[in-house]
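# Secondary and tertiary structure notes
What follows is each chain in one-letter form.
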Amino acid sequence: MSATATVDALPAPYTFDPSTTALLVIDMQRDFLEPGGFGETLGNDVSQLRSAIAPTAALLAACRAARLPVIHTREGHLPDLSDCPPAKLTRGAPSRRIGDPGPNGRILVRGEYGHDIVDELAPAPGEPVIDKPGKGAFYATGLGDLLTSLGVRSLIVTGVTTEVCVHTTVREANDRGYECLVLSDCVGSYFPEFQRVGLQMIAAQGGIFGWVATSPAFIAVLQ
Ligand code: TIU
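Since this is a predicted model, take the numbers as computed values, not measurements. (Residues numbered from 1 in each chain as written. Predicted model: local features only at pLDDT ≥ 70, side-chain atom pairs only at ≥ 80, totals over all residues.)

Another point: the packing of helix 3 (residues 53-65) against helix 8 (residues 215-222). Remark: helix 3 packs on helix 8, axes separated minimally by 10 Å, with the N-to-C direction vectors making an angle of 15°. Relative to helix 8, helix 3 is oriented roughly parallel. Of the two possible hands of crossing, helix 3 and helix 8 adopt the one that is left-handed. Taken together, the residues of helix 8 that come into contact with helix 3 (itself represented by Pro55, Ala58, Leu59 and Ala62) are Ser215, Ile219 and Leu222. Each residue belonging to the contact of helix 3 with helix 8 can be placed in one class, and the counts come to 6 nonpolar, 1 polar and no charged. (Axes fitted to C-alpha atoms, helices over the stretch in contact; angles between N-to-C directions. Helix = DSSP H or I, 4+ residues; strand = E, 2+ residues; numbered from the N terminus. Parallel < 35°, antiparallel > 145°, perpendicular 65-115°, else oblique. Left-handed = near helix turned anticlockwise from the far one by under 90°. Contact = placed C-beta atoms within 7 Å. Nonpolar A, V, L, I, M, F, W, Y, C, P; charged D, E, K, R; others polar.)

Read from one edge of the open sheet, 6 strands run 7-4-3-8-9-10, paired in parallel fashion. The open sheet terminates on both sides in strands that have one partner only, identified here as strand 7 (129-132) and strand 10 (211-213). Averaged over all adjacent pairs, the angle separating strand axes in this sheet is 25°, with direction ignored. Against the sheet, helix 6 (residues 162-175) contacts strand 3 (21-26), strand 4 (70-75), strand 8 (154-160) and strand 9 (179-188), and its axis sits at roughly 170° relative to strand 9. Sitting on the sheet, helix 7 (residues 192-207) is in contact with strand 9 and strand 10, with an inclination near 130° to strand 10. (Pairing = 2+ DSSP bridges.)

Here the focus is the nonpolar core. One recurring pattern in soluble globular proteins is that nonpolar side chains are buried together. Ranked by internal contacts, the top residues of the largest apolar core, which has 55 residues, are Leu24, Val157, Val160, Leu181, Val182, Leu183 and Ala213. When neighbours within four sequence positions are excluded, Val182 is seen to be in contact with Val157, Val166, Val170, Val187, Leu199, Ile202, Gly210 and Val212. (Core = buried A, V, L, I, M, F, W, Y, C linked by C-beta atoms within 7 Å. Buried ≥ 20, exposed ≤ 12 C-beta atoms within 10 Å, placed from the backbone.)

A separate point is the UniProt feature "domain: Isochorismatase-like" (unreviewed entry) in the chain. Feature annotation in UniProt places "domain: Isochorismatase-like" (unreviewed entry) on residues 21-208, given in this structure's numbering. Structurally, residues 21-208 is divided into 34% helix and 20% strand, and its ends, taken at the C-alpha atoms, are 20 Å apart. (UniProt positions renumbered as here; feature names shortened; annotations may be inferred.)

The next thing to look at is the packing of helix 6 against helix 7. It is at 10 Å that the axes of helix 6 and helix 7 come closest, and there the two elements cross at 15°. The pairing of helix 6 with helix 7 is recorded here as roughly parallel in orientation. Of the two possible hands of crossing, helix 6 and helix 7 adopt the one that is right-handed. Residue-level contacts link Thr162, Glu163, His167 and Val170 of helix 6 to Phe194, Gln195, Gly198, Leu199 and Ile202 of helix 7. Among the residues forming the contact of helix 6 with helix 7, the class breakdown is 4 nonpolar, 4 polar and 1 charged.

In this model, helix 6 (14 residues) spans 18 Å end to end at C-alpha, consistent with the 20 Å of a helix rising 1.5 Å per residue. As for helix 6, its buried residues are in contact with strand 3, strand 4, strand 8, strand 9 and helix 7. Positioned one or two residues after helix 6, Gly177 has a phi angle of 95°, which is positive. (Expected span 1.5 Å × (residues − 1).)

Take unusual backbone geometry next. Most peptide bonds take the trans configuration, and most residues that are not glycine carry a negative phi. Here the bond from Leu10 into Pro11 is cis, since omega is 5°, no more than 30 degrees from zero. One non-glycine residue, Ala140, adopts positive backbone phi at about 60°. Residue Ala140 is classed as exposed on the basis of its 12 C-beta neighbours within 10 Å.

Here it is, written out as structure tokens:
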């Protein structure tokens, strides 16, 4: 017998059953959050994302205490880049391309120091880490099968960046029938305007692909 909980959210209260809910932490990698990585090669001010770290650390502690499954993702490619389409590899004019050597190892390549998750949010032993070649966490990964095996129906979504990998993943999840709650203080964008509008886009039109709340509001009902 399991009880539901309800969070104050936009566009309406979000009701979930903790026994069928998981936390998804998207791409909190050095490559996006620290100097010398993929995010900086694209011309971004990576310090914009750091505000999400402390609230996400508190959220992780609360979810682990409540025994919610925690799933991490990382965007990146095989060392031979065979899973990186030319359309992604040759896009734009970055200061270094995917696979090039950088101060934290090869840019956006699996196994490199820069590809891994920042120390503050390191996965706990046993927590799944989904490596993904794309922006969405369902494309070319085992995430769908993992969620099915766990019996998950609701996803609490955090990570970076709001309008890229968080949006893509939430849209993919919504199409698969998951109810997604995005925590506004635990997601980040290099562009303050995209952060604001990206969150509005999720909850607009009656919650066209999800709900938005703050992490303190979620943690309060989890306890
Ligand atoms: N560039 C950017 O905003 N994001 C990405 O390339 N990947 C993720 O969002 N993880």
